[in-house]
Amino acid sequence: MKKPELVLPAGDLEKLRTACDFGADAVYVGGKAFSLRSFAGNFDSNDMKQGLQYAHARDKKVYAAVNVFAHNRDINNLPNYLEELGAMEVDGFIISDPGVFQLAKKYAPQIPVTISTQANVSNYETVAFYEALNARRVVLARELSLDEMIEIKQQTNTNLEVFVHGAMCVSYSGRCLLSHFMTGRSANQGACAHPCRYRYQLSEEKRPGEYFPIEEDDRGSYILNSRDLCLLEYLPDLIEAGVDAFKVEGRMKSPLYVATVARVYRQAIDVYMENRASYSELQISNWMNELSGIATRPFTNGFVEGESDLIQDINKEELPGNVDFCGVVKGYDADRQLAEVEQRANFGPGEKLEILQAGGAPISLDVKLIMDHEGNSMDRARHPKQRVFLQVPSMVEEGALLRRMGK
């Protein structure tokens, strides 16, 4: 049985390094153009080269998302962009537009192509269509059940990728006009303003100035929202079904999100592949607690068991997310037992924090002293990306993350 590839999002160079360090087999990134996440940090040419060097040195892959729905104005610039990525030797393109697919085959024919979820592939005939065009992999639509995925795998020979974790917008496979209609920013051009996350009220034409709130009830009423996808409990089923790659959403999420999700899914995949009998309910519970700590919305299993009312049922009282991302370890002085930390959230002496590393259990840390570069003690680390020094009695890796656990 083949071990599925774990593919993590990398919105910038820091997140690429984090994903690689914490267990991803591959990352997907966007350039400064032609990607459907324009407001992620994204990669210029220099960042892309550095990212490829970092990933390839660790035997990881980098896939470049070129999944924009191109307009005529985009066509003239695409050949040079595709050639440039090809010359850098990215490990693959992620494409949704047939025209971009055709250009990729012409200007960077050596680079394998993955068909993006935005292509909304939901049956085996469509997979066969892309297979005939020599697509290397197809990302299946999020709207599919496990049984449908199994049938597609049985009917085709193409490498299949499935989203297992992360946000699902109102248009589950990614095509959406809501943002463009409301803000002029097209989701299909990478500029989504995420209006499906807003709260709405109803108005009636004969009652001007009167607004009626959309109330929650036991079936939910956030008709434009959805829970976040989490298929951790279904990993054994997906592995047995022959899914070739597991994909995580979140190029605009924090490094702590990337690290936590990569670490959990890496452990889950490895445990199951090495010893199925040891894949226990207790482990699943512990992994789910880790994932819930960095979640901003409740979880759903999506469509894996068929249609589910839970996709849209968001109860404000059960919103998770109780872990704060406090900093990134940039170095460790073993002689003085000092870790240099780049601050991301306010913290100070007297707090209990944890250090999350790629391997091993998190390290508990009672913060007793914070110092600046001159060795002066500080009462708080207050400023974003401020460098401070903490007393840490044991060696910590560069790239480890500092987090504060909620109650």
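Remember, predicted model here, so these are calculated numbers, not experimental data.

Describing the overall build of the protein chain
When you go through the protein chain residue by residue, the secondary structure sums to eleven helices and 19 strands. Out of the 407 residues belonging to the protein chain, those deemed buried represent 54%. Carbon and sulfur atoms provide 47% of the accessible area of the protein chain, an area that totals close to 19100 Å².

A short note on unusual backbone geometry
One non-glycine residue, E89, lies in the positive phi region at around 65 degrees. Residue position: E89 is located in the loop between α4 (78–88) and β4 (92–95). Taking the relative accessible area as the measure of exposure, E89 reaches 57% and is therefore exposed. Although it is not a glycine, Q337 adopts a positive phi angle of roughly 55 degrees.

Here we look at helix α1 (residues 13–21)
Where burial is concerned, most of α1 is hidden: seven out of the nine residues are buried. All of the buried residues in α1 are L13, E14, K15, L16, T18, A19 and C20. Its side-chain oxygen placed 3.2 Å from the backbone nitrogen of E14, D12 serves as the N-cap of α1. Following α1 by one or two positions, G23 has its phi on the positive side, about 125 degrees.

With respect to the confidence of the model for the protein chain
Taken as a whole, the protein chain shows an average pLDDT of 88; of its residues, 86% reach a score of 70 or greater. A low-confidence stretch, residues 217–222 stays under pLDDT 50, and its non-local contacts, those more than four residues away or across chains, total 13 contacts.

Definitions and cut-offs
- Residues numbered from 1 in each chain as written.
- Predicted model: local features only at pLDDT ≥ 70, side-chain atom pairs only at ≥ 80, totals over all residues.
- Heavy atoms only, no water.
- Helix = DSSP H or I, 4+ residues; strand = E, 2+ residues; numbered from the N terminus.
- Buried < 20%, exposed > 50% of the residue type's maximum accessible area, 1.4 Å probe, protein only.
- Areas by Shrake-Rupley, 256 points an atom, 1.4 Å probe, with all protein chains shown as cover.
- Polar contact = N/O pair within 3.5 Å; in protein donor to acceptor, adjacent residues only side chain to side chain.
- pLDDT = per-residue confidence, 0-100.
- Contact = heavy atoms within 4.5 Å.

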